[in-house]
Amino acid sequence: MENKVNLYGASGHCKVIVDILHSINKVVGTILDDNPKSTELLGYAVQKSDGFLFDKASQWILSIGNNKVRKRLADMNLDFVNLIHHKAIVSPHSAMGKGNVVMAGAIINPGATVGNHCIINTGAVIEHDCIIEDFAHVSPSVALAGGVRVGEGTHVGIGASVIQGVQIGKWAVIGAGAVILKDVPDFSTVVGNPGRIIKYTNQHE
């Protein structure tokens, strides 16, 4: 397997991914951004994506925190790889698609399934038999009990807790520190303890 990984996106999220590459002894390749705020990131040059000639044989990761943007760019015909920090714990009895990032201290337990282009952030716990669908972001210190499903594109905010068996719909937002005791509909925003719906987002936004 090639040791170099290229990154698309040069935000703060990219910095953490650079650290992951360092932790697993992989080489930071090209860093691209549509609108770079700087010409360098952690000592690495940042290039503007406009006019860049993509090498389809190279390995890539979408180093972008925005779930909708990751979904848009995932249609590119590139070799997307998973990046797992060496201090993450991922059960060999779990399953994972492509383009995922698993950060330091995260735990993915047996029977869990992670789709494509998901972020499992620092210290998050994905318990047994959970399903994390494509483009979801499970934030730092989130705790998902067994059998939880997180729908496509959903963002589970920092420190949220979800009890066993809860089904969270697609493109929902779970607020920071929320405690989720019952199912969450698609496109809804839920906050508080216990979690309550405060609004719905237009699915075309």
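If you look the protein chain up in an unreviewed UniProt entry, it shows as Acetyltransferase from Flavobacterium silvisoli. We quote the UniProt Sequence similarities (unreviewed entry) comment for the protein chain here in full: "Belongs to the transferase hexapeptide repeat family."

### Section: the overall build of the protein chain
Each helix and strand counted, the protein chain has two helices and 25 strands in total. The globule rule puts the C-alpha radius of gyration for 205 residues at 17 Å, and the 17 Å found for the protein chain is close to it. A principal-axis box enclosing the C-alpha atoms of the protein chain has dimensions of 45 × 40 × 25 Å. Partitioning the contacts of the protein chain with sequence separation of at least 6, the portion at a separation of at least 24 is 22%. Of the roughly 9,600 Å² that the protein chain leaves accessible, carbon and sulfur atoms contribute 53%. Across the protein chain, 17 positive and 17 negative side-chain charges occur, with their mean positions spaced 4 Å apart.

### Points about the sheet that holds strand β5 (residues 59-62)
The strand order β3-β4-β2-β1-β5-β6 describes an open sheet built from six strands, whose pairing is mixed. Of all the strands in the sheet, just β3 (40-41) and β6 (79-80) have a single pairing partner and so form its edges. Pairing between β3 and strand β4 (residues 44-48): two bridges, direction antiparallel. Paired with L41 across the strands is Y44, a residue of β4.

### As for the pattern of salt bridges
Tallying each qualifying case throughout the model produces two salt bridges. Residue R149 is joined to E133 by a salt bridge in which the shortest nitrogen-to-oxygen separation is 2.6 Å. Note that R149 is positioned in strand β18 (residues 149-150) and E133 in the loop between β15 (131-132) and β16 (137-138), a separation of 16 residues in sequence. Residue R149 is classed as partly exposed on the basis of its relative accessible area of 29%.

### Structural notes on the UniProt feature "site: Increases basicity of active site His" (unreviewed entry) in the protein chain
Mapped onto this numbering, the UniProt entry gives "site: Increases basicity of active site His" (unreviewed entry) at D129. Note that D129 resides in the loop between β14 (125-126) and β15. Discounting residues that sit within four places of it in the chain, D129 has contacts with P110, G111, A112, G147 and V148.

### So, the side chain of T189
With respect to the element layout, T189 can be found in strand β24 (residues 188-191). In contact with T189, other than residues within four places in its own chain, are V173, R196, I197, I198, K199 and T201.

### Some thoughts on the state of the cysteines
Enumeration over the complete set of coordinates arrives at zero disulfides. Between C130, a cysteine without a disulfide, and C118, which holds the nearest cysteine sulfur, the sulfur-to-sulfur distance is 12 Å. Given a relative accessible area of 0%, C130 falls into the buried group.

Conventions and cut-offs
Residues numbered from 1 in each chain as written. Predicted model: local features only at pLDDT ≥ 70, side-chain atom pairs only at ≥ 80, totals over all residues. Heavy atoms only, no water. UniProt positions renumbered as here; feature names shortened; annotations may be inferred. Helix = DSSP H or I, 4+ residues; strand = E, 2+ residues; numbered from the N terminus. Rg over C-alpha atoms; globule rule 2.2 N^0.38 Å. Contact = heavy atoms within 4.5 Å. Areas by Shrake-Rupley, 256 points an atom, 1.4 Å probe, with all protein chains shown as cover. Lys, Arg positive; Asp, Glu negative; His and termini not counted. Charge placed at Lys NZ, Arg CZ, Asp CG, Glu CD. Pairing = 2+ DSSP bridges. Salt bridge = Lys/Arg side-chain N within 4 Å of Asp/Glu carboxyl O. Buried < 20%, exposed > 50% of the residue type's maximum accessible area, 1.4 Å probe, protein only. Disulfide = S-S within 2.5 Å.

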